[in-house]
Amino acid sequence: MIKPKIAPSILAANFNNLEKDIQMINVSEAEFIHCDVMDGVFVPNISFGMPIIQHVKKIAEKPLDVHLMIVNPENFIEAFAEAGASWLTVHYETCPHLHRTVNHIRENGMKASVCLNPHTPVRVLEDIISELDMVLLMSVNPGFGGQDFIHHTYKKVRQLKKLILESKSQCLIEVDGGVNYVTGKKLVEAGADVLVAGSFVFGSENPEETIRNLRNI
Ligand code: DX5
Ligand code: ZN
């Protein structure tokens, strides 16, 4: 089995000492640092925005994987590129002109990723899959860490893997929400390439070891 890339979500980190948690990720086997931006409109919660991302970027030694749970994400693409995002994820549900938005992300030097809510079928990406660097499948309803994994996600991962193989694209499959050793292993078996994990990593005794264990799941 191919080892998954791990993207710890700093939503569950200690914001009183964020530097310590970023340094932990820096020395860990994590591939990315997952940053959840919430606007209180698209999702029923507000998290953080540019100032935090800029500060994380200053000390991060891994690429920032920025997940935008905001309406009108196309208005903020340059700003997130300047703040230090390497990968930028927009929600399908927030983008009436998804093709234009994806191109805009790439023109700003970032990898382009599209996220699907649990109720949004994989097939809506059929006509854009070859333009994407990554698809993020939500395995919980976005807005909060620590929620229960939605089991239907395994089926969506398999459907998405099929679509990617058919399109001969290099697109990665990332899954976000409720990831632990059990769900993570099944996701990788289904075809997931990147596992986001927040509370499971930062709520553990030894987060660095948890990241290593997830990678070697
Ligand atoms: C949820 C966020 C997730 C969240 C995952 O809206 O997009 O990235 O941090 O948290 P866990 O891993 O605790 O489910
Ligand atoms: Zn996320």
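Summarised in this report is the structure supplied together with it. Per-chain numbering applies: the sequence of each chain, read as written, is numbered from 1 onward. Key to labels: chains lettered from A, ligands numbered from 1, both in the order written. Under the rules for a predicted model, residues below a pLDDT of 70 receive no local features and side-chain atom pairs below 80 are neither given nor counted, while totals for whole chains, interfaces and linings still include all residues. Side-chain numbers come from the whole structure's heavy atoms, not from hydrogens or water.

Topic: the overall build of the protein chain
(1) Moving on: Note on conventions: DSSP H or I runs of at least 4 residues are helices, E runs of at least 2 residues are strands, and numbering of each starts at the N terminus. Within the protein chain, the secondary structure is distributed over eight helices and eight strands.
(2) Moving on: It is over C-alpha atoms that the radius of gyration is taken, and the globule rule equals 2.2 Å times the number of residues to the power 0.38. By the compact-globule yardstick of 17 Å for 217 residues, the protein chain fits well, its C-alpha radius of gyration being 16 Å.
(3) Moving on: In terms of overall dimensions, the protein chain has C-alpha extents of about 45 × 35 × 30 Å along its principal axes.
(4) Moving on: Partly exposed describes any residue whose relative accessible area lies between the buried limit of under 20% and the exposed limit of over 50%, with all areas from a 1.4 Å probe on protein chains only and scaled to the type maximum. Residue burial in the protein chain is summarised as follows: out of 217 residues, 52% are buried.
(5) Moving on: Working definition of accessibility: Shrake-Rupley area with a 1.4 Å probe, residue cover restricted to the visible protein chains. Total accessible area on the protein chain is roughly 9900 Å²; 48% of this is exposed by carbon and sulfur atoms.

Thoughts on the coordination of the zinc ion (ligand 2)
(1) Moving on: Coordination of the zinc ion (ligand 2) by the protein is provided by H34 (NE2), D36 (OD), H67 (ND1) and D176 (OD), with metal-donor distances spanning 2.0 to 2.3 Å.
(2) Moving on: Geometry at the zinc ion (ligand 2) is octahedral, judged from its six donor atoms and the angles of 69 to 168° they form at the metal.
(3) Moving on: Coordination here is defined by N, O and S atoms within 2.8 Å of the metal (3.2 Å for Na, K and Ca), and since water is not considered, a site can look incomplete. Here the donor residues of the zinc ion (ligand 2) are spaced in sequence according to H-x1-D-x30-H-x108-D. With D36 in strand β2 (residues 33-38) and D176 in strand β7 (residues 172-176), this pair connects stretches of sequence that are 140 residues apart.
(4) Moving on: On the basis of relative accessible area, D36 is assigned to the buried category, the value being 5%. A four-donor site is called tetrahedral if each angle lies between 85 and 135 degrees; a four-donor site is square planar, and a six-donor site octahedral, when trans pairs exceed 155 degrees and the remaining angles lie between 65 and 115; all other cases are labelled irregular.

Remarks on helix α8 (residues 207-215)
(1) Moving on: The complete set of buried residues in α8 reads P207, T210, I211 and L214. For α8, the arc enclosing every buried residue in end-on projection is 100°, short of the 170-degree limit, so these residues lie on one face.
(2) Moving on: It only takes one pair of heavy atoms within 4.5 Å for two residues to be counted as in contact. Considering only its buried residues, α8 is in contact with β1 (5-8), α1 (18-27), α6 (181-190), β8 (194-197) and α7 (199-202). As used here, the arc is the angular range of directions from the helix axis to the C-beta atoms.

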